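This is what each chain is made of:
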Amino acid sequence: MIDLAFKNILACKTRSLLCILAVMVSVYLNGSTATMNNWMYTTMTSELARYMGKIYVQQGGSSYPPFDSSIAETTAQEILAHNDLNVAQSTPLIFVRLARAMMPFMPAQAMVIGVAPGKESALWGRAEPASGVGAFASDERGDVAILGDKAAGYFSARVGDDIPINNTPVRVIGILQKSSMDSVNIAAVVPLASAQRIFAKEGTVSAVLVGAQDVNNVPTIADTLKRDYPLLQVVTQDDMLKDAQAVLKMPMLYMSVMSLTAFVVAFAVIMSTMVMAVFERTREIGTLRAIGADARTILVTVFAEIVILTLVGGIPGAILTLPMATVMNTILPSPAQFAQIVLLAVVAGALGGLYPAWRAARVNPLEALRYE
Amino acid sequence: MTPIIETHDLWKIHPMDGTGVEALRGVNLRVEPGEFIALVGPSGSGKSTLLHLIGAMDTPTRGEVLFEGKNLTALSDGERTQLRCHEIGFVFQTFNLLPTLTAFQNVEIALRLAGVSSRERTARVQGLLTQVGLGARTNHLPKQLSGGERQRVAIARALANHPKLLLADEPTGNLDSVTGEEIVALLEEVHCAGQTIVLVTHNATVAMKARRVLQIKDGQARLAAETIH
């Protein structure tokens, strides 16, 4: 009786189209919110992965990235003189935001990071340049920059171009390959002295990135720094994880509520559409019952109609989430995740279709005559 | 010979506003195989109610309906459905064709519900539509057919599973007199081929085509006429 379900769908084109559209939007919202959540989570975890064995010291009350933090450079030097530090992985840093995020809870579009020349790897580990150089000369003090992938796009710059940073022309000497860490992708990294000069921050830094020689010593070093610099904020990977989770809790909850709302909308639309369809077709269903269709056949026909509607709306809806996943720079949904999104729509449809299908199956054959 | 239909003291009371409306009051009826019976009576006399009961579409308040000796009131909903599918054919006043299906598919659906194979269905539907004079209009939707043609499709559908009993509820009620006569002629033709028919009508001319005419009045059935054809 699947062909009958198809014919019923085609017979009421406008209603079917509206239902399909609603399912499509609902699946798109579901998929998009899942992508956003996925993006937020992967961004957070990949960002935090590089702080393994590292400690951030910044002004008390600052958030990350510490754009608002300012600590004396002399204090930074004292901190870097501590024992047990991995000197190559420790550096004072300056953070300045260039362009705000496009949406709340999202990172800045572009920022400047000032780093001690030769210590860039503390920031991004091993990063290969797509063009130019991937690190500064150890004595570099000039107004030069290595751009992350997105920052290069933001400035529309190539190696050898001058980009304006706070009205100062800065020469691009390298562009990095796309990194898994978004804070590197959006950064224009300049030598620390240059950043201090450009933003008139001589004698201050935003934060000190401290690398431990032994990862197991991180808690001890963090405790020592907290004791010695009570006015500063000493942040370990664990602390950042907790902070990030706290910050992401609300937007992720919001996304989940949106996802649930989309699910409920799909459920309600399918239920109302099918209740209406069953009501309008009471006589036809009664006729089928009168000529020998059992309740199960009617149930299957109505369910077939629901499954067709949800699949026809759900699959394009799920496909529509792919550009979103590309824009959000996340891993594309796997076939299993893709199927899960569509399956969710079918489940919403099936739940929404329970009542109308049950109602259709209970239609009395006498209805075929009663509607005369 | 076992009658096709036998009713004993059949009562049907429709509940209404806390009281009951007695549609049938102890009807006794016997329909032999090959008979053509017309049930006549004024509106609300209970003739359609009687047709629904002997068609296994409704259950009596009291009494029993026997279909070839089998008590319909003792059957489950599923068993009654099977009976309607295989043993009883219905022709409705308003044709009741499925609007999304072609004439061919409307007849075929009765066979699909009965589980007839695809190859057999095609041959049988084509034969039935030719028999009712619609061999050239098999791919037309109901809205593309005239009232008479729709009723012919409905008759073909009712006959699809070779039912032992054909029930027709005012089959000419929605047709003009000429078309109505054509439909009655078709039913007579079917009857002559051995089909048992019970027909409800308030049209005396149509009723006189039947071998026995039963008058339903005050919820009871009385023989009104017996004709020889």
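Predicted, not measured: the structure shown is a model, and the values here were computed from it. (Residues numbered from 1 in each chain as written. Chains lettered and ligands numbered in written order. Predicted model: local features only at pLDDT ≥ 70, side-chain atom pairs only at ≥ 80, totals over all residues. Heavy atoms only, no water.)

### Topic: the overall build of chain B
- Helices and strands together make up the secondary structure of chain B, namely 7 helices and 10 strands.
- A total of 229 residues make up chain B; the buried ones form 55% of that total.
- Partitioning the contacts of chain B with sequence separation of at least 6, the portion at a separation of at least 24 is 69%. (Helix = DSSP H or I, 4+ residues; strand = E, 2+ residues; numbered from the N terminus. Buried < 20%, exposed > 50% of the residue type's maximum accessible area, 1.4 Å probe, protein only. Contact = heavy atoms within 4.5 Å.)

### Thoughts on the overall build of chain A
- Scanning chain A for helices and strands turns up 13 helices and 12 strands.
- For chain A, the residues scored as buried account for 49% of the 372 residues in total.
- Across chain A, the fraction of contacts at a sequence separation of at least 24, relative to all contacts at a separation of at least 6, is 79%.
- When the accessible surface of chain A is summed, it comes to about 17400 Å², and 62% of that surface belongs to carbon and sulfur atoms. (Areas by Shrake-Rupley, 256 points an atom, 1.4 Å probe, with all protein chains shown as cover.)

### Notes on the nonpolar core
- Ranked by internal contacts, the top residues of the largest apolar core, which has 73 residues, are Leu288(A), Val107(B), Leu129(B), Val153(B) and Leu199(B).
- Residue contributions to this core reach at least three from each of two domains, namely domain 1 (5-87 + 163-226) and domain 2 (97-154) of chain B.
- In contact with Leu288(A), other than residues within four places in its own chain, are Met1(A), Leu4(A), Ala293(A), Ile298(A), Leu98(B), Ile109(B) and Leu113(B). (Core = buried A, V, L, I, M, F, W, Y, C linked by side-chain atoms within 4.5 Å. Domains from an automatic or database assignment.)

### Brief notes about the pairing of strand S8 (residues 196-200) of chain B
Residue and element names in this part refer to chain B.
- For S8, the buried fraction is high: 5 of the 5 residues fall into the buried class.
- Looking at chain direction, strand S3 (residues 36-40) and S8 are connected through 4 bridges and run parallel. Considered in S8, the bridge of alanine 38 is made with leucine 199.
- Pairing of strand S7 (residues 165-169) with S8 involves 5 bridges; the strand directions are parallel. In the strand pairing of S8, leucine 167 is matched with valine 198.
- Handedness of the β-α-β unit built from S7, helix H6 (residues 177-192) and S8 comes out right-handed. (Pairing = 2+ DSSP bridges. Right-handed = clockwise from strand over helix to strand, strands pointing away.)

### Regarding the packing of helix H9 (residues 237-280) of chain A against helix H12 (residues 335-361) of chain A
Residue and element names in this part refer to chain A.
- Contact geometry of H9 with H12 gives a least axis separation of 8 Å together with a crossing angle of 30°. Of the possible angle classes, the one that applies to H9 and H12 is roughly parallel. The interaxial crossing formed by H9 with H12 has right-handed handedness. Where H9 abuts H12, its residues Phe263, Ala266, Phe267, Ile270, Met271, Met274, Val275, Val278 and Phe279 lie against Leu344, Val347, Ala348, Gly349, Leu351, Gly352, Gly353, Tyr355, Pro356, Arg359 and Ala360.
- Here the residues of the contact of H9 with H12 are counted per class, giving 16 nonpolar, 3 polar and 1 charged. (Axes fitted to C-alpha atoms, helices over the stretch in contact; angles between N-to-C directions. Parallel < 35°, antiparallel > 145°, perpendicular 65-115°, else oblique. Left-handed = near helix turned anticlockwise from the far one by under 90°. Nonpolar A, V, L, I, M, F, W, Y, C, P; charged D, E, K, R; others polar.)

### Some thoughts on the environment of Asp239(A)
Residues and elements named next belong to chain A.
- Its location among the elements puts aspartate 239 in helix H9.
- On the basis of relative accessible area, aspartate 239 is assigned to the partly exposed category, the value being 22%.
- Linking aspartate 239 and isoleucine 55, residues 184 residues apart in sequence, is a C-alpha distance of 9.6 Å.
- The contacts of aspartate 239, once residues within four sequence positions are left out, are Lys226 and Val234.

### Things to note about the interface of chain A and chain B
- Counting residues at the interface gives 23 residues for chain A, matched by 22 residues for chain B.
- Overall, the association of chain A and chain B removes approximately 2100 Å² of surface from exposure, summing both partners, and the carbon and sulfur fraction of that is 61%.
- Where chain A meets chain B, there are 2 salt bridges.
- Taking the shortest distance from any N to any O, the salt bridge between Asp3(A) and Arg112(B) comes out at 2.8 Å.
- Put simply, chain A and chain B have 8 residue pairs in polar contact (both at pLDDT 80 or more) between them. (Buried area = accessible area lost by both parts, 1.4 Å probe. Salt bridge = Lys/Arg side-chain N within 4 Å of Asp/Glu carboxyl O. Polar contact = N/O pair within 3.5 Å; in protein donor to acceptor, adjacent residues only side chain to side chain.)

### Quick notes on the sheet that holds strand S4 (residues 62-67) of chain B
All names here are of chain B.
- Read across the sheet, 4 strands follow the order S2-S1-S4-S5 without closing on themselves; strand pairing throughout is antiparallel. If you trace the sheet from one side to the other, it starts and ends with strand S2 (19-31) and strand S5 (70-71), each paired once.
- Bridging between S4 and S5 involves 2 bridges; their strand directions are antiparallel. Across the sheet, the residue bridging to phenylalanine 67 is lysine 70, located in S5.
- Across the face of the sheet, helix H1 (residues 47-54) comes into contact with strand S1 (5-16), S2 and S4 while running at roughly 120° to S1.

### Points about the packing of aromatic side chains
- One pass over the full model with this rule turns up 4 aromatic pairs over all chains.
- Look at Tyr154(A) and Phe155(A): their rings are 5.1 Å apart centre to centre, the planes differ by 85°, and that puts the pair in the edge-to-face class.
- Exposure remark for Tyr154(A): the relative accessible area of 38% places this residue in the partly exposed category.
- Here the basic side chain of Arg62(B) rests over the ring of Trp11(B), its NZ or CZ set 4.5 Å away from the ring centre. (Phe/Tyr/Trp six-rings, centres within 6.5 Å; stacked < 30°, edge-to-face > 60°. Lys NZ or Arg CZ within 6 Å of the ring centre and 35° of its normal.)

### Description of the pairing of S3(B)
- With 5 of its 5 residues buried, S3(B) lies for the most part within the structure.
- Alternating residues of S3(B) divide into Phe36(B), Ala38(B) and Val40(B) and Ile37(B) and Leu39(B), and every residue in both groups is buried.

### Focus on the confidence of the model for chain B
All names here are of chain B.
- On average, residues of chain B carry a pLDDT of 90, and 99% of them reach 70 or more.
- When mean pLDDT is taken per element in chain B, helix H3 (residues 103-113) scores highest with 95 and strand S10 (residues 220-226) scores lowest with 76.
- As scored by the predictor, the complex reaches a pTM of 0.69 and an ipTM of 0.91. (pLDDT = per-residue confidence, 0-100.)

### A word on the side chain of Lys47(B)
Residues and elements named next belong to chain B.
- Note that lysine 47 resides in helix H1.
- In this structure lysine 47 is buried but unpaired, with glutamate 170 as the nearest side chain of opposite charge at 4.2 Å.
- At 3.1 Å, the side chain of lysine 47 and the backbone oxygen of glycine 41 are in polar contact. (Lys, Arg positive; Asp, Glu negative; His and termini not counted.)

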